[in-house]
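Next come the chains, spelled out residue by residue.
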Protein chains: 2
Amino acid sequence: MNLETVLPAEIERRSFEIIEEELQKRKIVLPEKEKPITKRVIHTSADFDYAETMTYSDSAVDILSDLIRQGADIVTDTNMALAGINKKILAEFGGEVHCFMAEPEIAKRASEQGCTRAAASMEWAAKELTKPTIFAIGNAPTALISLYDMLVADSYRPAFVIGVPVGFVNVEAAKELILTTDIPSIVNRGRKGGSNVAAAIVNAVLYQLKRPS
Amino acid sequence: MNLETVLPAEIERRSFEIIEEELQKRKIVLPEKEKPITKRVIHTSADFDYAETMTYSDSAVDILSDLIRQGADIVTDTNMALAGINKKILAEFGGEVHCFMAEPEIAKRASEQGCTRAAASMEWAAKELTKPTIFAIGNAPTALISLYDMLVADSYRPAFVIGVPVGFVNVEAAKELILTTDIPSIVNRGRKGGSNVAAAIVNAVLYQLKRPS
């Protein structure tokens, strides 16, 4: 196997070309607005399964773009997603990323309530944050379940849910719960997802918004 | 699809049980020492392909465990992997994780040399770090190529390479380059990998070392 000579600045462009070629080979046609997002998820995972399982609610990309443009904040359930999201571009629009998972207060509440730290941090975010909030969930299905429960109890309504937890216990069911609601969302059906996928979705939108037109 | 009732503390144990069951269904038998690592990679990706592509050099797990136990440092090529690695347990053994990617000095050197920041930060690590160093590469094939070039030029020898970059340009070839050397390594052959996978491999070893015997 030989190394291809590609200039540093060209690596990403070339990667997206290869992804496009392979999507065409597989005869997968993605809707124009969703395409940069699904392609960036494939770029971060090298997994073309995402082309089949990424699920967008009506006008999801427009709604998410508008929220970011208007300075919405993002709450995530892992410090890895927080590390991966391009906070510099987000800040240019006035937004900020929060992850409450490592806060001692969250561990205390989770232990008192017998719930996961992810669930406790969703409730915390719902109570503390005043701006419209995008939830980018890459790890804990219990975070999605907590958001669903608050919605059904009429106690809180997230502005947008990126529902891409990964795993084997309640992950698929929690994603399906979100898809039964009218919350605008991007969900990856099935077991797959992750903090990297959550960050890739946010970054894809940020890069589209920053693209020279 | 119904939600399963699982106590927060039980979620991870139950996930690993499901992974074990599915490996058995697929008739995949993993070597005992490699099993907790490959299973944690599957846990972080929900992708059983890793059971077929994770590649361990001779005694790789023992060598990596000994290095961590002796306080080796880790260098990674993304802040996401840095965020994902359990730095608390690593510190108990005397080790530290470094990621030089966001240092202004690295951007300057990369631009002067016409190389990627990942390659520049490998050279920087080779020069600056004095302890035995484990390289955990989850993103940039150019980081692996840089390590390979230094080894061939006899200018530097990494103690261990975790080679799991993800992507489409030179990723497979860079992994194969590492596999031609005598550096102890864990490599995921093919296009797949990622910062989450790099962190999962390190954490699997850390959790094994901390396991009550």
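Quick note: structure is the one above.
How each quantity is defined
- Residues numbered from 1 in each chain as written.
- Chains lettered and ligands numbered in written order.
- Predicted model: local features only at pLDDT ≥ 70, side-chain atom pairs only at ≥ 80, totals over all residues.
- Heavy atoms only, no water.
- Helix = DSSP H or I, 4+ residues; strand = E, 2+ residues; numbered from the N terminus.
- Rg over C-alpha atoms; globule rule 2.2 N^0.38 Å.
- Buried < 20%, exposed > 50% of the residue type's maximum accessible area, 1.4 Å probe, protein only.
- Contact = heavy atoms within 4.5 Å.
- Areas by Shrake-Rupley, 256 points an atom, 1.4 Å probe, with all protein chains shown as cover.
- Lys, Arg positive; Asp, Glu negative; His and termini not counted.
- Charge placed at Lys NZ, Arg CZ, Asp CG, Glu CD.
- Least-squares fit on C-alpha atoms with pLDDT ≥ 70 in both.
- Core = buried A, V, L, I, M, F, W, Y, C linked by side-chain atoms within 4.5 Å.
- Expected span 1.5 Å × (residues − 1).
- Pairing = 2+ DSSP bridges.

1. Here's the deal with the overall build of chain A
Helix and strand content of chain A: 11 helices and 6 strands. Taking 17 Å as the expected radius of gyration for a compact globule of 213 residues, we find that chain A reaches 17 Å, a close match to that expectation. Dimensions of chain A along its principal axes, counting C-alpha atoms only, are 55 × 35 × 35 Å. For chain A, buried positions account for 58% of its 213 residues. Sequence separation of at least 24 residues holds for 63% of the intrachain contacts in chain A that already meet a minimum separation of 6. Looking at chain A as shown, the accessible area adds up to about 9,500 Å², and 49% of this sits on carbon and sulfur atoms. Counting 24 positive and 29 negative side-chain charges, chain A places the averaged centre of each group 4 Å from the other.

2. Topic: the relation of the copies chain B and chain A
Here chain B sits on chain A after a turn of 180 degrees about the axis and a move of 0.0 Å along it, with an RMSD of 0.0 Å. This pairing of chains is accounted for by a two-fold axis. Every residue of chain B has its C-alpha some distance from the rotation axis, and the shortest such distance is that of B:Met80, at 2.4 Å. Interface residue correspondence from chain B to chain A reaches 100%, placing this contact among same-surface, isologous pairings.

3. Observations regarding unusual backbone geometry
Residues and elements named next belong to chain A. Of note, Lys27 is a non-glycine position whose phi angle comes to about 55 degrees, a positive value. Considering the arrangement of structural elements, one finds Lys27 in the loop between helix 1 (11-25) and helix 2 (35-45). Residue class for Lys27 comes out exposed when judged on its relative accessible area of 73%. Phi at Ala46 is positive, roughly 55 degrees, even though this residue is not glycine. On the basis of relative accessible area, Ala46 is assigned to the buried category, the value being 7%.

4. Re the nonpolar core
Formed by 44 residues in total, the largest nonpolar core has its most connected members in A:Ile37, A:Ile134, A:Ile162, A:Ile186 and A:Ile201. Core analysis: the second largest hydrophobic core is formed by 43 residues, B:Met54, B:Ala72, B:Ile74 and B:Ile201 among them.

5. Concerning helix 11 (residues 195-210) of chain A
Counted at 1.5 Å a residue, the expected span for helix 11 of chain A with its 16 residues is 22 Å, and the 22 Å between its end C-alpha atoms agrees. By the criterion of burial, helix 11 of chain A is predominantly enclosed, with 13 of the 16 residues buried.

6. Description of the pairing of strand 2 (residues 73-76) of chain A
All names here are of chain A. The alternating pattern of strand 2 places Asp73 and Val75 and Ile74 and Thr76 on opposite faces, both of which are buried. Bridge count between strand 2 and strand 4 (residues 133-137): 4 bridges; the pairing is parallel. Within strand 4, the residue paired with Asp73 across the bridge is Thr133. Bridge analysis of strand 2 against strand 3 (residues 97-98) gives 2 bridges, and the strand direction is parallel. Looking at strand 3, one finds that Ile74 is bridged to Val97.

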